[in-house]
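Chain by chain, the residues run as shown.
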Amino acid sequence: MNAVKLTDSEVTQHMSLLPKWELVGATIGRLFEFESFTKSMEFVNQVAENADAVNHHPDIDIRYNKVRLLLTTHDAGGLTLLDMEMAAAADDIAGVIAQNGSVH
C-alpha cells in the first residue's frame, strides 16, 4: 500500500461528506448502534470482508449492540483516501443492515 497522507484541507473536505464521523487526532471514528448483537456482528463481518478486499483494516471495538470503528493509515502517518473510502463503505454497509433493522 502506497497511500499518500491527506492535507488538512483535504481531510476537511472529505469529512464534510461523512457527517456522522468525527476527527480524533490522526484518525476518524464513528460509533454505530444496532438493534442487537447479531446485527452488530453482521456489520463487523461485512466491514471485515471489505477491509480484506482492499487490504486496509480499521480498529474495531464491539460492545454488544454498539460498534466503534477507528480509521487511520499507519504507513502514511495519518489519514489517506483509503480511510475516507473505508468510512463511506462502512456507512453504506450500515445502511443496508438498517433496512433489516435499526442502526444509528
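In this report, the structure presented in the accompanying data block is examined. These numbers were taken from a predicted model, which means no experiment stands behind them.

What to know about the packing of aromatic side chains
Right, on to step 1. With the rule as written, the count across this model stands at 5 aromatic pairs.
Right, on to step 2. Taken together, a centroid distance of 5.0 Å and an interplanar angle of 40° make the contact between Phe34 and Phe43 tilted. Phe43 shares its class with Phe34; the two are buried.
Right, on to step 3. Consider the rings of Phe37 and Tyr64, whose centres lie 6.3 Å apart with planes at 10°: the pair is stacked. Within this pair, whereas Phe37 is found in helix α2 (residues 37-54), its partner Tyr64 is found in the loop between β3 (59-63) and β4 (66-71), the two being separated by 27 residues in sequence.
Right, on to step 4. We classify Phe37 as partly exposed; its relative accessible area is 39%.
Right, on to step 5. What links up through ring pairs into an aromatic cluster is the set Trp21, Phe32, Phe34 and Phe43.

Focus on the packing of α2 against helix α3 (residues 81-98)
Right, on to step 1. At a minimum axis separation of 10 Å, α2 and α3 run at an interaxial angle of 145°. In the packing of α2 onto α3, the handedness of the crossing is right-handed. Counted together, Lys39, Glu42, Phe43, Gln46, Val47, Asn50, Ala51 and Val54 of α2 and Met86, Ala89, Ala90, Ile93, Ala94 and Ile97 of α3 form the full contact between these two elements.
Right, on to step 2. Each residue belonging to the contact of α2 with α3 can be placed in one class, and the counts come to 10 nonpolar, 2 polar and 2 charged.

Re the pairing of strand β2 (residues 27-33)
Right, on to step 1. Taken across its 7 residues, β2 has 5 buried, putting it largely inside the fold.
Right, on to step 2. Taken together, the 3 bridges between strand β1 (residues 22-24) and β2 define a ladder with antiparallel strand orientation. Among the inter-strand pairings, Leu23 is bridged to a residue of β2, identified as Ile28.
Right, on to step 3. Here β2 runs beside β4; their pairing, made up of 6 bridges, is antiparallel. Within the sheet, the bridge partner assigned to Arg30 lies in β4 and is Leu69.

Basis of the calculations
- Residues numbered from 1 in each chain as written.
- Predicted model: local features only at pLDDT ≥ 70, side-chain atom pairs only at ≥ 80, totals over all residues.
- Heavy atoms only, no water.
- Phe/Tyr/Trp six-rings, centres within 6.5 Å; stacked < 30°, edge-to-face > 60°.
- Buried < 20%, exposed > 50% of the residue type's maximum accessible area, 1.4 Å probe, protein only.
- Helix = DSSP H or I, 4+ residues; strand = E, 2+ residues; numbered from the N terminus.
- Axes fitted to C-alpha atoms, helices over the stretch in contact; angles between N-to-C directions.
- Left-handed = near helix turned anticlockwise from the far one by under 90°.
- Contact = heavy atoms within 4.5 Å.
- Nonpolar A, V, L, I, M, F, W, Y, C, P; charged D, E, K, R; others polar.
- Pairing = 2+ DSSP bridges.

Spatial relationships are all this shows, so hold off on functional conclusions.
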